[in-house]
Amino acid sequence: MRILGIETSCDETSVVLLEASGGLKAPKFRVLKNLVSSQIPIHRKTGGVVPEVAAREHVGIIVPMIINVMGKLKPDLIAVTAGPGLITSLRVGVDAARILSVVKKIPLVGVNHLEGHIYANWLTTKKQELRIKNQDFFPALCLIVSGGHTELVLMKDHGKYRRIGATRDDAAGEAFDKSAKLMGLPYPGGPEIARLAAGGNPRAYEFPRPMLNSDNFDFSFSGLKTAVRVFIENHEANKSQFQDVAASIQAAIIEVLIKKTIWAAKEYKVKSVLLAGGVSANKILRQYLGEAIAVELPKTSYHIPPMEYTTDNAAMIAVAGYFHAARKKFSNPLTLEARAQWEL
Amino acid sequence: MNKIIKTKSEAETRAAAVKLAKTLKGGDIVALIGDLGAGKTVWVKGMAEGIGIQERVLSPTFVLLRCHEIKRSGIRNKELGIKQLCHVDAYRLKDALALESIGINDYLGAPDTITVIEWADRVEKLLAGKKVLKIEFGFGKKEKERIIKISNV
């Protein structure tokens with residue numbers, strides 16, 4: 001079947017046409033056409049996403065993008081991100097999808113954005129084949145890390161999720177972004193810190209690792225800002241240390257993520273670990289989590305989404321939509337609502 | 001209320017927020033002003049605790065606004081009619097337009113809602129003419145020290 005995927009939860013407008021087959025047992029996906037319009041250059045000027053600007057940008061380009069991707073073809077399914085996210089941005093995608101669904105009589109699925117990130121792991125590229133085999137895959141542990149989320153989710157089967165841990169304040173990606181801002185680096189801060197960190201010593205400075213040894217699977221990254229601010233103030237003159245600072249900040253964030261993930265994977269005896277979300281583009285996180293699993297849980301398989309599908313994209317939403325449709329779970333286009341705080 | 005308090009640690013800042021939250025009533029608006037890392041998140045966590053909210057207080061930076069319902073209201077909350085804490089974050093904003101478009105005025109000053117706004121100095125227009133409890137966070141001489149100025153505006 002051919003799926004039209006739409007994602008507008010934050011600052012990227014993304015529309016995809018995805019070919020899907022195989023059902024729940026042997027799912028296979030091929031991206032036929034994928035358009036992403038990033039607003040990063042616009043938001044760079046303001047140091048972050050400006051919601052009003054974001055929504056206006058979505059409105060202006062969503063229809064031409066859908067027409068471009070669909071061509072003359074009528075898709076068999078529409079999958080759209082219905083939350084969580086920025087409500088004004090979400091509504092643009094959801095309403096476009098609803099109208100198309102009603103007018104063209106195409107079944108509709110409203111997808112949770114976090115679920116979409118998880119399903120990015122089912123996408124393949126020339127460089128990365130599908131390694132997920134359905135037998136011996138569940139239960140899986142998903143570490144979802146992005147600018148707005150940091151969650152450990154236990155996935156017992158398709159569509160069956162249980163959050164076992166999450167941040168209590170700032171998301172990991174937000175910690176990257178705000179630390180970068182304190183260092184005077186441009187938006188988005190995560191990639192900038194990663195770039196600088198590549199040339200630095202991660203053990204140069206000791207930044208706090210809150211809740212590292214706490215008795216649960218929760219995280220807290222808010223305190224890191226204070227530590228970074230104090231550090232920058234005390235070391236104002238010496239900008240040459242920036243690489244070491246970036247590497248040390250990155251190490252502090254990643255160490256907590258990895259330690260809790262490994263611990264949760266052991267506790268719940270999972271068969272596989274999935275990395276998902278925008279921060280899963282961080283190469284050090286991808287590599288070190290993989291190494292930690294190989295050492296501590298050699299029987300557990302480890303999955304990471306292809307690099308190009310780590311950030312917000314409609315392809316992952318279409319994949320998630322396929323698994324809903326395979327289980328006959330559809331949304332009513334007349335009542336589907338954008339939900340800013342939709343929990344998985 | 002006009003006072004300046006000095007806290008020596010995160011725990012003390014949080015405790016001060018708990019204490020202050022217990023004096024709030026429905027419709028109150030609390031405006032937080034201070035740099036990254038100054039203690040605003042800690043303050044909101046303390047306020048939530050003081051009001052009786054049990055769920056985690058996530059940063060609303062990306063979604064701009066999160067409402068926390070008081071699930072088990074104590075006698076005090078019932079008497080004062082407080083049903084929720086609305087947590088707003090204007091970090092990414094230049095003006096109040098975006099907050100207005102997601103319906104902030106439904107919450108601001110509503111009799112069953114306490115609203116707390118981080119980076120309130122970025123959305124001054126929104127608060128013009130309203131009674132606001134302003135809380136400014138400054139840094140003390142020592143690393144963990146904070147000077148917190150509380151005033152009615």
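Refer to the structure above for everything that follows.
Now for a quick tour of the structure. Computed from a predicted structure; not experimentally measured.

### Details of the overall build of chain B
Scanning chain B for helices and strands turns up five helices and seven strands. Beginning at the N terminus, the succession of helices and strands in chain B can be written as β-α-β-α-β-α-β-α-β-α-β-β. Over its C-alpha trace chain B gives a radius of gyration of 14 Å, about what one expects of a compact globule, namely 15 Å for 153 residues. C-alpha atoms of chain B, sized along the principal axes, occupy 40 × 40 × 30 Å. Split into buried and exposed, the 153 residues of chain B put 56% on the buried side. In chain B, the proportion of contacts linking residues at least 24 apart, taken out of those at least 6 apart, comes to 67%. A total accessible area of about 7,300 Å² is found for chain B, and carbon and sulfur atoms account for 51% of it. Here chain B contributes 28 positive and 19 negative side-chain charges, whose respective centroids are spaced 4 Å apart.

### Regarding the sheet that holds strand E2 (residues 12-21) of chain A
All names here are of chain A. Across the sheet, five strands lie side by side as E3-E2-E1-E4-E5; this open sheet has mixed pairing. Each end of this open sheet is capped by a strand with a single partner; those strands are strand E3 (28-38) and strand E5 (108-112). On average, each strand axis in the sheet is tilted by 20° relative to the strand beside it, whichever way the strands run. As paired strands, strand E4 (residues 77-83) and E5 are joined by five bridges and run parallel to one another. Residue pairing across strands places Thr-81 opposite Val-111, the latter belonging to E5.

### What to know about the layout of surface pockets
In this structure, the second largest pocket occupies an estimated 450 Å³ of space. Forming the boundary of the second largest pocket are 28 residues, of which Gly223(A), Thr226(A), Glu10(B), Gly37(B) and Val42(B) lie nearest the centre. At the level of secondary structure, the elements contributing two or more residues to the lining of the second largest pocket comprise helix H5 (172-182) and helix H7 (222-234) of chain A together with helix H1 (10-21) and helix H2 (40-51) of chain B. It is H7(A) that provides the largest number of residues to the lining of the second largest pocket, a total of five residues. When its residues are assigned to classes, the lining of the second largest pocket shows eight nonpolar, nine polar and eleven charged.

### Topic: the side chain of Asp177(A)
As for its position among the elements, Asp177(A) is in helix H5. Put simply, Asp177(A) is tucked away with no salt bridge, and the nearest opposite charge, on Arg92(B), sits 8.5 Å away.

### Digging into the pattern of salt bridges
The final tally for this structure, using the stated rule, is 18 salt bridges over all chains. The salt bridge partner of Asp136(A) is Lys271(A), with a shortest N-O separation of 3.9 Å. Here the residue Asp136(A) occupies a position in the loop between helix H4 (113-119) and strand E6 (140-145), and Lys271(A) occupies one in the loop between helix H8 (242-267) and strand E9 (272-276), the gap between them amounting to 135 residues. Among the residues examined, Asp136(A) registers a relative accessible area of 59% and is labelled exposed. Residue Lys271(A) is classed as partly exposed on the basis of its relative accessible area, which comes to 37%. Residue Asp28(B) is joined to Lys25(B) by a salt bridge in which the shortest nitrogen-to-oxygen separation is 3.6 Å. On the basis of relative accessibility, which here comes to 17%, the residue Asp28(B) falls in the buried class. Taken together, the salt bridges that share partners define one network made up of Glu151(A), Arg163(A), Glu343(A) and Arg56(B).

### Notes on a nonpolar patch on the surface
A contiguous nonpolar surface patch, about 410 Å² in accessible area, is contributed by Ile99(A), Val102(A), Val103(A) and Leu334(A). When you line up the elements, Val103(A) lands in helix H3 (residues 87-104).

Cut-off values and rules
- Residues numbered from 1 in each chain as written.
- Chains lettered and ligands numbered in written order.
- Predicted model: local features only at pLDDT ≥ 70, side-chain atom pairs only at ≥ 80, totals over all residues.
- Heavy atoms only, no water.
- Helix = DSSP H or I, 4+ residues; strand = E, 2+ residues; numbered from the N terminus.
- Rg over C-alpha atoms; globule rule 2.2 N^0.38 Å.
- Buried < 20%, exposed > 50% of the residue type's maximum accessible area, 1.4 Å probe, protein only.
- Contact = heavy atoms within 4.5 Å.
- Areas by Shrake-Rupley, 256 points an atom, 1.4 Å probe, with all protein chains shown as cover.
- Lys, Arg positive; Asp, Glu negative; His and termini not counted.
- Charge placed at Lys NZ, Arg CZ, Asp CG, Glu CD.
- Pairing = 2+ DSSP bridges.
- Axes fitted to C-alpha atoms, helices over the stretch in contact; angles between N-to-C directions.
- 1 Å grid on protein atoms, 1.4 Å probe; cavity = no way out; pocket = protein on both sides within 12 Å on 5 of 7 lines; lining within 4 Å.
- Points joined across faces, edges and corners; volume = space filled by probe spheres on them.
- Nonpolar A, V, L, I, M, F, W, Y, C, P; charged D, E, K, R; others polar.
- Salt bridge = Lys/Arg side-chain N within 4 Å of Asp/Glu carboxyl O.
- Patch = residues over 30% accessible without salt bridge, like charges linked within 9 Å, V, L, I, M, F, W, Y side chains within 5 Å.

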